[in-house]
Amino acid sequence: MPSSDSVRSDHPLILEGLSKRFGHTLALDGVSLEIGPGEVFGYLGPNGAGKTTTIRLVLGMIRPTAGRASVFGLDTWTSAVGVHRLVGYVPGEPSLYPRLTGHEHIAYLGHLRGRDDRARARALADRLGLDLDRRTRTLSRGNRQKLAIVLALMSEPRLLVLDEPTSGLDPLVQRQFHALLREHTESGGSVLLSSHILGEVQRVADRIGVVREGRLVAVERLADLSGKSLHHVRASFAHDVRAEEFAGVPGVRDVTVEGQALSCSAPQSALDELLRRVTAHTVIDFECAEAELDEMFLTYYGGESDAGQPAAQNAS
Ligand SMILES: Nc1ncnc2c1ncn2[C@@H]1O[C@H](COP(=O)(O)OP(=O)(O)OP(=O)(O)O)[C@@H](O)[C@H]1O
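Residues numbered from 1 in each chain as written. Predicted model: local features only at pLDDT ≥ 70, side-chain atom pairs only at ≥ 80, totals over all residues.

## As for the overall build of the chain
Thought 1: Across its full length, the chain carries 13 helices and 14 strands.
Thought 2: Counting across all 316 residues of the chain, residues that qualify as buried make up 37%.
Thought 3: Contacts in the chain between residues far apart in sequence, at least 24 positions, make up 69% of those at least 6 positions apart. (Helix = DSSP H or I, 4+ residues; strand = E, 2+ residues; numbered from the N terminus. Buried ≥ 20, exposed ≤ 12 C-beta atoms within 10 Å, placed from the backbone. Contact = placed C-beta atoms within 7 Å.)

Here is the structure:
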């Protein structure tokens, strides 16, 4: 039988009853979670839910009020230096030295870490289309984000912690970035990916945790969550339509029809049938947009704070 410590040291990340209080604010309230080798865990929540607080605890930047976080068995507060060797971090707003170039950042970090990752960093920059010769103060937000990704990935960390990493990246670069994440997980690396946008994590995550008011209210496999993601649908037709035609689709809600215009909300699982009914008519305009995550919370995890408890028990 392996000892409990050796079990822990196999785990890229374990949160156990992790809580953080700032004065009167309980920013994080007893979050427990395990991320396995090769797993991408999407950590979703609206603004102020506690995502950044969790990341700061995972990186050992702040001390838990209760509970603990460990990375490969190392307590992130008491062994922060060891943890930093294993973790690559991409912040939402990278803090870079404005007068240094990309190359100089790479050399500086390599010096701090005592290793030479320049060749790998150059290869990463090439794939992302980043010019390492420019001073970072002249870089666009997207290029600053690319540099942060290069700096986090170049040392081949075993756990990547990403805070809304693709918010400044164009779709082509996002695709490259997702390919890099896949390579990372295929070689056994793990990812904690925090975001308030479901779409951002949906493309890459294996499991998704929903955090609200400091509590983990649900943990689900991606396949189960995607059927629930809520969409707003609007359509204009060449002639009058009746609300009943659309209201009959299971899951479709808030159906309103005003003359020739339909609007309603539908979970992803209902879109196919809804579209069939829409295209039975002559469509002159159509719009389908994923609802903001906050709204999805209100729909599936809102109301009573215990709404997501059964799902939360699946946290493993
Ligand atoms: N240093 C601090 N002092 C006081 N309150 C804080 C501090 N840091 C965070 N909080 C509070 O803790 C709660 C959680 O904040 P946190 O930044 O973790 O949320 P978040 O999910 O990352 O939100 P966002 O997406 O807006 O970054 C908020 O109510 C926030 O105001």
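## Some thoughts on the site of the ligand
Thought 1: Taken together, Phe22, Thr25, Ala27, Gly45, Asn47, Gly48, Ala49, Gly50, Lys51, Thr52, Thr53 and His196 make up the full set of residues adjacent to the ligand.
Thought 2: The set of elements that each furnish at least two residues to the shell around the ligand consists of strand E2 (25-35) and helix H2 (51-58).
Thought 3: A class-by-class count of the residues in the shell around the ligand yields three nonpolar, eight polar and one charged. (Near = placed C-beta within 6 Å. Nonpolar A, V, L, I, M, F, W, Y, C, P; charged D, E, K, R; others polar.)

## Thoughts on the pairing of strand E4 (residues 66-71)
Thought 1: With four bridges connecting them, strand E1 (residues 13-22) and E4 associate as antiparallel partners. Across the sheet, Leu15 pairs through a bridge with Ala69, a residue of E4.
Thought 2: As paired strands, E4 and strand E5 (residues 74-75) are joined by two bridges and run antiparallel to one another. Within E5, the residue paired with Ser70 across the bridge is Asp75.
Thought 3: Counted between consecutive antiparallel strands, the loop separating E4 from E5 contains two residues, among which Phe72 sits at a positive phi close to 45°. (Pairing = 2+ DSSP bridges.)

## Regarding the sheet that holds strand E9 (residues 207-212)
Thought 1: Strand order across the open sheet formed by six strands is E6-E7-E8-E3-E9-E10, with mixed pairing between neighbours. Single-partner strands in this sheet number two, and they are strand E6 (87-90) and strand E10 (215-221). Within the sheet, the average angular offset between the axes of one strand and its neighbour, ignoring direction, is 15°.
Thought 2: Examined bridge by bridge, strand E7 (residues 159-163) and strand E8 (residues 190-195) share five bridges and lie parallel to one another. Its bridge partner lying in E8, Leu162 is registered against Leu193.
Thought 3: Sheet strands touched by H2: strand E3 (40-44), E7, E8 and E9. Its angle to E7, the strand with the most contacts, is close to 150°. (Axes fitted to C-alpha atoms, helices over the stretch in contact; angles between N-to-C directions.)

Just distances and angles here, no functional claims.
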